[in-house]
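Geometric and topological summary
Each chain is listed here by its residues.
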Amino acid sequence: MGRRFGMMKKKIYKWGVYACSFKHHYSTSSSSASVTTFFNKFVDKSNVFSWNSVIAELSRSGDSIEALRAFSSMRKLSVWPNRSSFPCAIKSCSALRDLASGRQFHQQVLIFGYGSDLFASSSLIDMYSKCGELEDARLLFDEIPQRNVVCWTSMIAGYVQREHPRDALFLFKELLVSESESVGEEEVYVDAVALVSVLSACSRVSGKNITQGVHGFAIKRGLDEHLGVGNTLIDAYAKCSEVGFSRKVFEEMAEKDVISWNSMIAVYAQNGLSSEAMELFHLLARDKEVKYNAITLSTLLLACSHAGALRPGKSVHDQVIKLFLEDNVYVGTSIIDMYCKCGRLEMARKAFDRMKDKNVKSWSAMIAGYGMHGRAKEALEVFYAMNHAGVTPNYITFVSVLAACAHAGLLDEGWHWFRAMECRFHIHPGLEHYSCMVDLLGRAGYLTKAYNLINEMKVLPDSVVWGSLLAACRMHKNVELAELCANKLFEIDPTNCGYYVLLSHIYADAGRWKDMERMRIIMKNKGLTKTPGFSLVELKGLVHLFLVGDRQHHQHERIYAYLNELSIELQAVGYTPNMSSVLHDVDEEDKGLALQVHSEKLAVAFGILNSIPGETIHVIKNLRICSDCHTTIKLTTKIVDRQIVIRDSKRFHHFKDGICSCGDYW
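Residues numbered from 1 in each chain as written. Predicted model: local features only at pLDDT ≥ 70, side-chain atom pairs only at ≥ 80, totals over all residues. Heavy atoms only, no water.

**A closer look at the packing of helix α19 (residues 329–341) against helix α21 (residues 360–372)**
- Running from N to C, α19 and α21 point in directions that differ by 0°, and their axes come no closer than 9 Å. Judged on the interaxial angle alone, α21 and α19 are roughly parallel. Between α19 and α21, the contacting residues are V329, T333, I336, C340 and K341 on the first element and K361, S362, A365, M366, G369 and M372 on the second.
- Residue composition of the contact of α19 with α21, grouped by class: six nonpolar, three polar and two charged. (Axes fitted to C-alpha atoms, helices over the stretch in contact; angles between N-to-C directions. Helix = DSSP H or I, 4+ residues; strand = E, 2+ residues; numbered from the N terminus. Parallel < 35°, antiparallel > 145°, perpendicular 65-115°, else oblique. Contact = heavy atoms within 4.5 Å. Nonpolar A, V, L, I, M, F, W, Y, C, P; charged D, E, K, R; others polar.)

Written as structure tokens, this is what we have:
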């Protein structure tokens with residue numbers, strides 16, 4: 001029988017016995033005929049165990065439709081299902097998200113007397129959960145008199161899948177109570193599969209104490225050595241911003257697979273630790289047992305994107321080419337994103353044009369790339385081409401489109417697509433869309449309209465939305481509205497000193513020095529410290545970091561000497577320091593010096609001194625570039641005949657011949 005089934009499995013794949021036309025129903029006469037012919041040739045067509053084997057194999061291999069058709073064919077031949085016939089068939093309904101068929105199977109389970117079968121019940125719970133019917137899943141779960149761990153796991157996993165992690169954790173507590181009370185009866189023990197679902201819930205709640213508690217439970221039960229538990233723990237700690245704990249779990253894992261390595265590399269990439277991500281990849285490359293894959297390279301490209309590290313990004317791209325992974329849509333999209341964020345828009349476009357298959361993420365990445373570089377016209381052209389290609393834009397696509405309009409000040413286009421996304425594409429605007437529109441309206445000077453839009457929002461405005469309006473208030477010197485925005489921000493995010501700093505600058509711009517001093521005192525009393533500004537510049541594969549007034553760099557004396565020389569040349573072409581926001585109790589000469597040592601100026605000077613004439617200098621700044629640095633770098637490109645590209649926290653600035661690509665609109 002085993003050999004016959006082995007032959008049968010091969011025939012299924014080779015001849016595609018079940019691969020007949022399927023339109024509306026899982027049962028067709030041709031399907032029944034072909035299956036009947038097959039069984040007549042190889043097995044007893046009246047044998048339910050043979051049918052169960054076929055259904056199980058098709059379900060496991062992902063041929064869910066064919067698994068359901070096999071079940072239908074079995075019933076047409078009047079073969080009665082047994083308790084093993086239902087779980088895999090119901091699993092196929094889950095995979096297809098076919099609620100109607102799932103409900104029919106639920107009826108069949110009851111009709112044939114298997115309503116109390118735990119494996120059929122677990123499969124039904126999973127089916128209802130995946131089809132979005134959590135209430136039905138929980139109702140069925142509550143009706144099971146004697147549950148096993150599979151039932152508990154199915155319900156916990158259902159809550160996690162439908163983004164109800166706290167309900168999953170509450171149910172886990174109930175499971176522990178049930179476990180303690182089951183002594184002497186049919187005992188229920190938490191296993192590794194259940195714990196993976198629980199840890200997935202922890203990662204969504206992002207609670208360090210909860211994660212540590214479940215981790216302790218895993219150690220106590222000896223489940224921490226399970227590969228799946230270890231992999232999920234890495235992610236759970238990362239979601240709590242505990243990167244060190246994630247690495248500790250990774251290091252202590254007795255066995256690691258490619259998922260373990262990819263998870264840890266992703267943790268570093270998502271937390272901006274690109275060098276650590278690359279170092280870990282080099283360790284993986286030397287591992288003799290585990291081979292990296294497309295996901296690994298895609299994650300590394302994300303790390304390079306965050307750091308703006310072009311040379312490592314190119315090296316990863318070379319690996320992609322060697323492994324013939326350029327046609328992989330996820331890797332290809334990561335390459336586009338990497339080149340965009342490293343300031344190489346033309347290379348990103350070449351990678352985009354080479355992709356044979358593009359999904360909505362690929363198109364969105366290219367739109368976002370043009371947008372962040374201030375090239376809204378090209379961004380919209382790609383968006384129109386996407387629609388023409390029949391690719392439906394999604395939530396993220398419209399964030400990219402509206403951000404592109406905001407960066408370029410395209411007010412009419414922004415309003416048009418903001419309205420169209422809901423009316424035409426049935427996508428409800430979220431916080432990111434509102435933030436883009438508030439930014440667009442605010443920077444265009446329509447502060448009242450921006451404020452009214454916030455009041456009309458269908459979702460609760462967050463710190464990003466109010467922060468966009470606060471920044472616009474500084475640009476247009478509206479102190480009254482700025483105070484209103486700041487008070488909202490102090491309520492939402494009281495520990496973020498950036499809002500206090502921005503309001504203090506607004507007071508300084510208005511000459512309200514006492515209010516500015518009041519902000520400084522509040523920050524001091526609350527123990528808030530300003531995020532230090534820093535700039536990065538890559539030279540020959542090495543990334544050099546500069547802080548404000550940095551004198552730790554080995555070339556600092558040479559850099560400051562050059563800046564002094566450059567200052568004379570800048571004044572000769574009309575440069576005047578913008579000292580409006582420098583502390584009022586500092587004398588004029590010291591104000592000029594304070595501006596001169598901003599990190600981006602140090603990075604630019606280092607780049608000029610250490611590169612060949614005519615070479616483009618790329619700098620990454622963690623904060624928004626200030627107006628004085630913006631003016632200085634514009635004039636510097638005219639003096640030294642260089643192109644300088646600055647990526648700040650908001651966008652890219654391409655400086656050339658005394659002009660910036662943003663048109664001084666940022």
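Read on for the rest.
**Re the pattern of salt bridges**
- Counted under the stated rule, the structure contains 29 salt bridges.
- Close ionic contact of D353 with R349 constitutes a salt bridge, the shortest N to O distance being 3.0 Å. With D353 and R349 both in helix α20 (residues 345–354), this residue pair falls four residues apart, about one helical turn.
- Since its relative accessible area comes to 48%, D353 is described here as partly exposed.
- By sharing partners, the salt bridges in this structure join E483, R512, D515 and R518 into a single network. (Salt bridge = Lys/Arg side-chain N within 4 Å of Asp/Glu carboxyl O. Buried < 20%, exposed > 50% of the residue type's maximum accessible area, 1.4 Å probe, protein only.)

**Description of the pairing of strand β2 (residues 542–547)**
- Pairing geometry for strand β1 (residues 534–539) and β2, over six bridges, is antiparallel. Its bridge partner being in β2, V537 is matched across the sheet by H544.
- Remark: two residues form the turn of the hairpin made by β1 and β2, two consecutive strands paired antiparallel; K540 in that turn has positive phi of roughly 55°. (Pairing = 2+ DSSP bridges.)

**Here's the deal with the pairing of strand β4 (residues 644–647)**
- On β4, burial covers both faces: I644 and I646 on one face and V645 and R647 on the other are all buried.
- Across four bridges, the pairing between strand β3 (residues 617–621) and β4 is parallel. When the sheet's bridge partners are listed, V619 is paired in β4 with I646.
- Bridge count for β4 against strand β5 (residues 652–656) is four bridges, and the pairing is antiparallel. Directly across from I646, in β5, lies its bridge partner H653.
- Connecting β4 to the next strand, β5, in antiparallel fashion are four residues.

**Things to note about the UniProt feature "repeat: PPR" (unreviewed entry) in the protein chain**
- In the UniProt entry, the feature "repeat: PPR" (unreviewed entry) is given for residues 47–81, 117–151, 257–291, 328–358 and 359–393.
- The span residues 117–151 carries 74% helix and 0% strand; its end-to-end C-alpha distance comes to 11 Å.
- Counting secondary structure, residues 359–393 comes out at 74% helix and 0% strand; the distance between its end C-alpha atoms is 10 Å. (UniProt positions renumbered as here; feature names shortened; annotations may be inferred.)

**Concerning the nonpolar core**
- Grouped together as the largest cluster of nonpolar side chains are 165 residues, with contacts concentrated most on L195, I336, M366, W417 and L469.
- If one sorts the elements of this core by residue count, helix α29 (residues 497–509) sits on top with nine residues.
- With sequence-adjacent residues up to four places away left out, M366 is seen in contact with I336, C340, L345, A348, R349, F352 and V382.
- Of all hydrophobic cores here, the second largest spans 29 residues; its members include V597, L602, C660 and C662. (Core = buried A, V, L, I, M, F, W, Y, C linked by side-chain atoms within 4.5 Å.)

**Observations regarding the environment of L169**
- Along the chain, the position of L169 falls in helix α10 (residues 165–181).
- According to the relative accessible area criterion, L169 is buried, its value standing at 11%.
- Measuring from C-alpha to C-alpha, the distance between L169 and C202 comes to 7.8 Å, with 33 residues separating the pair along the chain.
- Sequence-distant contacts of L169, that is, excluding residues within four places in its chain, are made with V198, A201, C202, V205 and I210.

**Observations concerning helix α28 (residues 479–492)**
- For α28, spanning 14 residues, the distance from its first C-alpha to its last is 20 Å, which sits close to the expected 20 Å at 1.5 Å a residue.
- Among the residues making up α28, those that are buried are V479, L481, A482, C485, A486, L489 and F490.
- Its buried side turned inward, α28 meets α26 (447–455), α27 (463–475), α29 and α30 (513–526).
- With a side-chain oxygen positioned 3.5 Å from the backbone nitrogen of E480, the residue opening α28 is N478. (Expected span 1.5 Å × (residues − 1). Polar contact = N/O pair within 3.5 Å; in protein donor to acceptor, adjacent residues only side chain to side chain.)

**As for the environment of A403**
- Here A403 is to be found in helix α23 (residues 395–408).
- Overall, A403 belongs to the partly exposed group, its relative accessible area being 22%.

**Quick word on α20**
- Those residues of α20 not exposed but buried are L345, A348, A351 and F352. Seen from one end, α20 has its buried residues packed into an arc of 120°, which puts them on one side. For α20, exposure combined with an orientation more than 90 degrees from the buried face picks out E346 and K350.
- Contacts from the buried residues of α20 go to α19, α21 and α22 (376–388). (Arc of directions from axis to C-beta.)

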